[in-house]
Amino acid sequence: MKSEVLRFLLVGNPNCGKSTIFNSLAGGNAHVGNYSGVTVERKTGMFEVGGIKISVEDLPGVYNMSPSSAEEEVVRDTLSSGDFDLIVNIIDSSNLERNLFLTIQLAEMGLPMAVVLNMTDELEAKGMSIDEKELSRLLGVPVIKSVAYKSSSAASLKLFLLDAFLKKREPNFLWSKFKDKPLYADVSQISHLIGKSLPKESAGWAHWLAIRAMEGDKFIIEKIRVSSKELAGAIEFACGKIESDFGETPASLIAAARFKIANDIAKKTLLGEPLKNQRPKELYFLDKLFLNKYLGLPIFFALMFLTFQFVFALGDPLMGYMEDFFASLSSWLNSVWSGGGFFKSLVVDGVIGGVGGVLVFLPNILMLFLVLSVLEDSGYMARAAFLCDRLMRRFGLSGASLIPMLVGFGCTVPAIMATRSLKSRSERIATIMVLPLFSCGSRLPIYILLIPCFFAEKYRGVAMFCIYLTGIILAFVLAKLLRLSFFKGADSSFVLELPAYRFPRPYNTLLQICSRAWAFLKKAGTLILGASIILWAAATFPEKTVLQKDYDAMLAEVQNNASLSEEKKAELANSILGERRAEIFDYTLSGRAGRFLETALSPLGFDAKISSALLGAIAAKEVFVSQLGIVYGVGEGDAENSMSLREKLERDYTPIQGMSILLFILISMPCIATVAATYSETRSAMLAAMQVLGLTALAYAVCFIFYNIALML
Amino acid sequence: MAKERQKLSENLEDYLEVIQSISSREGTVRPSDIAREMKVKRPSVTSALNSLAAKGLVEYEKYKPVSLTKNGQEHASSISKKHALLREFFTDILGVQASEADLVACKMEHIMDDSLMRKFSKFVKGITNPCASCPSFGEKDCARHCKHAVLLSTLKTGEAGIILAVDKSLGDVACFAGMGIVIGSRVEIARVAPLGDPVVLKVRGAEISLRKSQLKSITVKPV
C-alpha cells in the first residue's frame with residue numbers, strides 16, 4: 001500500500017452511469033474541483049469499507065484513450081501516471097461490445113483493474129444477460145453486476161472493490177487471438193524494441209507503449225524520440241510499411257482489431273437473444289416525436305419556452321417569500337437594535353441588503369438548474385444539438401455549440417468548459433466569445449429587479465423574453481462576424497452520440513441541484529459578502545459631516561408651513577430627503593467613482609448610482625443588485641426603509657433609462673469568473689481581453705444608439 | 001504439416017486443453033491445479049500425465065510443474081480451435097445459448113478429424129463473413145478494390161453497409177474509432193435531421209450523429 005488512503009479511479013464511456021456509481025459509493029460526500037491547468041471538472045469522494053479508507057475519483061467519460069480532447073488527455077495522463085491502486089472500469093451492459101473497446105485499451109496497460117457491469121436491469125429487460133464469470137475469465141479481472149441506483153447494491157459494490165484491490169489481478173493479454181496476424185507481428189516487434197530500451201522495472205509497459213506509438217499518440221512518440229532517435233525512426237518505418245501494405249493507417253487497423261476482440265468477448269459472454277422490438281419500440285416512439293421532420297424543431301422551441309415559463313412562473317412566488325423574509329428581518333433588526341451606529345448600518349444595509357438581496361434569487365436559479373439537469377440526464381440535450389446543427393452552421397457554429405449555450409443560461413463558466421466537445425478551435429473560440437450574451441442565472445436577479453419597475457404587469461413576461469432574445473440574436477450575429485473575420489478556420493468534424501432515453505434519477509438530480517445550491521450559497525457567503533462589505537464601506541465613507549445646506553431646518557420649515565396641504569408637504573419632504581441623500585452619496589468613495597464613470601456613461605442615461613453599481617457587477621453580476629440595495633439603503637431615514645428598492649428605482653429612473661440599463665447589463669463585460677474561464681480554456685490573455693473590451697464596446701454602442709433614438713421619439 | 005496427428009482418447013485431449021488454458025492464464029501448471037480444474041483425484045492426474053509424457057506431448061517429472069512440448073501445444077491448440085469454431089457455429093448461426101453450445105462443442109471437438117474440420121471451417125466462415133461471396137475476398141487490399149464499395153453518403157435512410165475504409169479526411173481516426181466507426185463495423189442510416197443534415201447512424205449498438213459531408217470519408221459495402 002502506497003499510502004493510508006487507497007485511490008480508485010472510475011473510468012468509462014460517457015453515459016455509462018459512472019456518476020451514478022460514484023454517487024452510490026461516495027454519496028453526497030463529493031468534492032468538485034478542477035484538474036490543474038485545464039478546466040476539466042475533477043470529482044473526488046471518499047468511502048470506507050472494512051476499516052479502509054478509499055478515495056474514488058470520477059474521471060471524465062471517454063470513448064478512447066487517444067487524446068483528442070481535454071477530457072481524454074486528463075484520463076490518459078491520470079492513468080499513465082500510475083499513481084493509483086485500482087482502475088474501476090464501468091460498463092454500460094446494454095451496449096457491452098462498444099464499452100469493451102475502452103476496457104480492452106485499459107487492459108493493455110496491464111494494471112490492476114476491476115469491471116463493474118452497470119445497468120444490467122436494462123439489458124435484462126431486453127431478455128438478455130451477461131455471463132459475468134466468463135467475462136471475468138476472459139478479461140482476467142474481477143467482474144460484478146450492478147444496478148447503480150439501487151442502494152442495496154452500493155454495500156456489495158464497496159466490498160467487491162476492496163476485494164478486487166486485495167487480489168491485485170492484472171488483466172489478461174487480450175491480443176493473443178491475433179498472434180498469427182501480420183499486424184500483431186509488427187506490434188510485438190516494436191514492443192520488443194521498446195522493451196530493450198526500458199529499465200527492467202517498467203518493461204511491462206513495452207507492449208502498451210508500442211500500441212500507443214503505432215496509434216500515433218504524439219505525446220508517447222515524442223517521449224520515445226527523446227530517449228532514442230533510432231527507436232522512433234524504426235517505429236515510423238514500421239508504421240509506414242503497414243500503411244503501404246494494408247492501405248490503412250495503423251491507428252484504424254488497431255482500432256478494428258480491438259473491435260474484433262471486443263466482438264469476440266461479447267459473443268462469448270452475452271446470453272440470450274434480444275426480445276424482438278422490446279427497447280426499440282419505446283426508443284423509436286420518442287425519437288419519432290422529438291426528431292420528427294415537422295414536429296422536431298417546433299417541439300424543441302416549445303420545450304425551451306416551457307423551461308422559461310417553469311423557471312419564472314414557479315420561481316417567482318417562492319422568491320416573494322424570500323424577499324418578505326429578508327425585509328422583515330431587517331425591519332425587525334432596526335426596531336430591536338437602537339443606536340448601533342456604523343455596525344448596525346453594516347449589518348442591515350451591507351450584509352442583509354447585499355447578501356440577502358442576492359439570496360432571494362436562489363429559488364429561480366435552482367429551478368433553472370433543475371431543468372437543465374433533467375434535459376441533460378434524459379438524453380434530450382444531445383438531440384437538441386442534433387436538431388439545430390444545420391441552423392447553427394449558418395452562423396459558423398456547430399450543433400455541439402448549442403449545449404454550452406443552453407448551459408450558459410445557467411452559468412457562463414461551466415458553459416465555457418462545455419465547449420471542449422467542439423473539435424475545431426476556431427468554432428470553439430467563436431462560441432466562447434459570444435457565450436456571455438446568453439443571460440446567465442446571475443443576471444436574472446437584475447432583470448427581475450428592474451423589469452417590474454419599468455414595465456406594466458402584462459408586458460413583463462414579454463420584456464424578459466425580449467432581453468433573452470436580444471442576447472441570443474446578438475450572439476449569433478457576432479459569432480457569424482467573428483467566423484468571417486478573426487476565426488476563419490474550417491468547420492469542425494461533428495460527432496455526437498445520441499444516448500438512449502433514460503428517466504432522470506431523482507437522487508442524482510437532487511444531488512446535482514444540492515451541489516449547485518451549495519455553490520451559490522458559498523458564493524453568497526464569501527465573494528458576495530466580501531463585495532457587499534467593501535461596497536457598503538465605499539458607499540458610507542468618507543462620511544460628509546458638514547452638509548452644504550441645513551436639511552433638517554428645511555424639513556422643519558416645510559412641516560411648519562401651514563399654507564401647504566399634507567400631500568404637498570410629503571412631496572416637498574421627499575425631495576429634500578432626496579437632495580440630502582444625493583449630497584451624502586456624492587461625497588463617498590462609490591459616489592466619486594460613480595461620478596467619474598457618469599461622465600462616460602451619461603450618454604447612455606446612467607447616473608452615478610447606476611455607474612457605481614456597474615462597477616460592482618464586475619466581481620459578479622448579482623453584486624449589481626447588492627450595490628443598488630446598499631446605495632439606496634445607506635443614509636436613509638427609517639421612514640424610507642418601508643419603501644422597496646423597486647419603488648425607489650421606479651421613482652428615480654424613466655423606462656427608457658431602465659431599458660438602457662438592462663441592455664448594458666446583458667451585453668457589457670462578463671464577470672471576473674467568466675474572464676478567468678475564457679483565459680484558462682483558450683490559454684490566451686489576448687482573447688480574454690478581447691472578450692471583455694469587445695463586449696463592453698458593443699454594449700456601449702448598442703445602449704448609446706438605443707437611448708438616443710428612444711429619447712428623440 | 002500434412003501428417004495426421006496421433007489419435008488420443010477423449011480424456012487425454014481434455015487434459016491437454018486444461019493444461020494449455022492454465023498455462024496461458026497463470027504461466028506455470030502444477031498437477032494440483034489440473035486436479036482442481038478437472039475435478040478429479042491426484043492419482044488420476046498422475047497417470048494421465050505419465051501417459052501423455054510417454055507420447056511426447058508433455059514434459060513431466062514428479063513434484064515439478066508440467067509443460068506442453070511443441071507437439072503437445074499443437075495438439076492442444078488444434079482442439080481449442082475446433083471448440084471455438086463449433087461454438088461460433090452453434091451460437092452465431094444456429095442461435096443456441098452459449099452454455100449449451102459449450103457443452104456440445106466439448107463432445108464434438110474430439111470426434112471431428114482435421115480434414116473434416118477444414119471443410120467445416122470453410123463453410124462457417126462463408127456464412128459469417130459478408131464478403132464470402134466476393135471473388136476477390138481474402139486477397140490483399142480487397143477493401144480498396146472492392147467492386148461493391150460505395151461512399152456512405154450514397155446510402156438512403158434505412159440502408160446499411162459494412163465499413164471498408166475510413167479516410168483520413170474525416171479527422172482524428174481514433175476519436176471516431178472509439179464510437180465504433182472502424183473497418184468492419186456495420187452502419188445503418190437510421191434517420192435524417194428535420195433540416196436535412198446531420199444524420200443518425202446506428203453503429204455497434206449506439207446511435208451516432210454525423211454530418212452528410214463527413215459520410216463522404218467513409219467507404220462501405222452495402223449489405
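Residues numbered from 1 in each chain as written. Chains lettered and ligands numbered in written order. Predicted model: local features only at pLDDT ≥ 70, side-chain atom pairs only at ≥ 80, totals over all residues.

1. Quick look at the overall build of chain A
Part 1: Along the backbone of chain A there are 31 helices and 10 strands.
Part 2: The 713 residues of chain A split such that 44% are buried.
Part 3: Contacts spanning at least 24 positions in sequence make up 74% of the contacts within chain A whose residues lie at least 6 apart. (Helix = DSSP H or I, 4+ residues; strand = E, 2+ residues; numbered from the N terminus. Buried ≥ 20, exposed ≤ 12 C-beta atoms within 10 Å, placed from the backbone. Contact = placed C-beta atoms within 7 Å.)

2. Comments concerning the overall build of chain B
Part 1: Of regular secondary structure, chain B possesses 9 helices and 8 strands.
Part 2: When burial is assessed residue by residue, chain B has 32% of its 223 residues classed as buried.
Part 3: If you take every contact in chain B between residues at least 6 apart in sequence, the share linking residues at least 24 apart comes to 50%.

3. Side note on the interface of chain B and chain A
Part 1: Contacts between the two partners involve 42 residues from chain B, matched on the other side by 41 residues from chain A.
Part 2: Of all the secondary-structure elements, those providing two or more residues to the side of chain B that touches chain A are helix H4 (70–93), strand E4 (160–166), helix H8 (173–178) and strand E7 (206–210) of chain B.
Part 3: The element contributing the most residues to the side of chain B that touches chain A is H8(B), with 6 residues.
Part 4: Direction of pairing for strand E10 (residues 495–498) of chain A relative to E7(B): antiparallel, over a ladder of 4 bridges. Opposite Val495(A), over in E7(B), you have Leu210(B) as the bridge partner. (Pairing = 2+ DSSP bridges.)

4. Quick notes on the packing of helix H8 (residues 206–214) of chain A against helix H9 (residues 218–227) of chain A
Helices that pack against each other are described as a pair by the angle of their axes relative to one another and the distance between those axes.
Residue and element names in this part refer to chain A.
Part 1: Packing of H8 against H9 brings their axes to within 8 Å, and their N-to-C directions diverge by 115°. Comparing their axes, H9 and H8 come out roughly perpendicular. The way H8 lies across H9 gives a crossing that is left-handed. Where H8 abuts H9, its residues Leu209, Arg212 and Ala213 lie against Ile220, Ile221 and Ile224.
Part 2: Across the contact of H8 with H9, the residue classes break down as 5 nonpolar, no polar and 1 charged. (Axes fitted to C-alpha atoms, helices over the stretch in contact; angles between N-to-C directions. Parallel < 35°, antiparallel > 145°, perpendicular 65-115°, else oblique. Left-handed = near helix turned anticlockwise from the far one by under 90°. Nonpolar A, V, L, I, M, F, W, Y, C, P; charged D, E, K, R; others polar.)

5. Considering the pairing of strand E1 (residues 6–12) of chain A
Residue and element names in this part refer to chain A.
Part 1: Among the 7 residues that make up E1, 5 are buried, leaving the element largely enclosed by the rest of the structure.
Part 2: One ladder, built from 5 bridges, connects E1 with strand E4 (residues 52–58); its direction is parallel. Paired with Leu9 across the bridge in E4 is Glu57.
Part 3: Pairing of E1 with strand E5 (residues 86–92) involves 5 bridges; the strand directions are parallel. Each residue of the ladder has a partner; that of Gly12, found in E5, is Ile90.

6. Considering the pairing of E4(B)
Residue and element names in this part refer to chain B.
Part 1: For E4, a buried count of 5 out of 7 residues is recorded, marking the element as mostly surrounded by other parts of the structure.
Part 2: Pairing of E4 with strand E5 (residues 186–192), which is carried by 3 bridges, proceeds in the antiparallel orientation. The residue of E5 that forms the bridge with Gly161 is Val187.
Part 3: Note: E4 against strand E8 (residues 218–222), 5 bridges, orientation antiparallel. Bridge pairing links Ile163 to Val220 in E8.

7. Thoughts on the nonpolar core
Part 1: Within the largest apolar cluster, 213 residues are counted, with the highest numbers of intra-cluster contacts made by Val88(A), Val116(A), Leu161(A) and Ile163(B).
Part 2: The element best represented in this core is helix H11 (residues 250–269) of chain A, accounting for 10 residues.
Part 3: In this structure, Tyr15(B), Val58(B), Leu68(B) and Ile79(B) belong to the second largest nonpolar core, which totals 16 residues. (Core = buried A, V, L, I, M, F, W, Y, C linked by C-beta atoms within 7 Å.)

8. Some remarks on the environment of Leu511(A)
Residue and element names in this part refer to chain A.
Part 1: By secondary structure assignment, the location of Leu511 is in helix H22 (residues 506–540).
Part 2: Here Leu511 falls in the partly exposed class, since 19 other C-beta atoms lie within 10 Å of it.
Part 3: Once the C-alpha coordinates of Leu511 and Asn23 are considered, the two residues, 488 residues apart in sequence, prove to be 8.3 Å apart.

9. Details of the packing of helix H20 (residues 444–454) of chain A against helix H21 (residues 457–484) of chain A
Residues and elements named next belong to chain A.
Part 1: Their axes nearest at 10 Å, the elements H20 and H21 cross at an angle of 135°. Taken as axis vectors, H20 and H21 run oblique relative to one another. The handedness of the crossing between H20 and H21 is right-handed. In this structure, H20 uses Tyr447, Ile451 and Pro452 to contact H21, whose residues at the interface are Arg460, Ala463, Met464 and Ile467.

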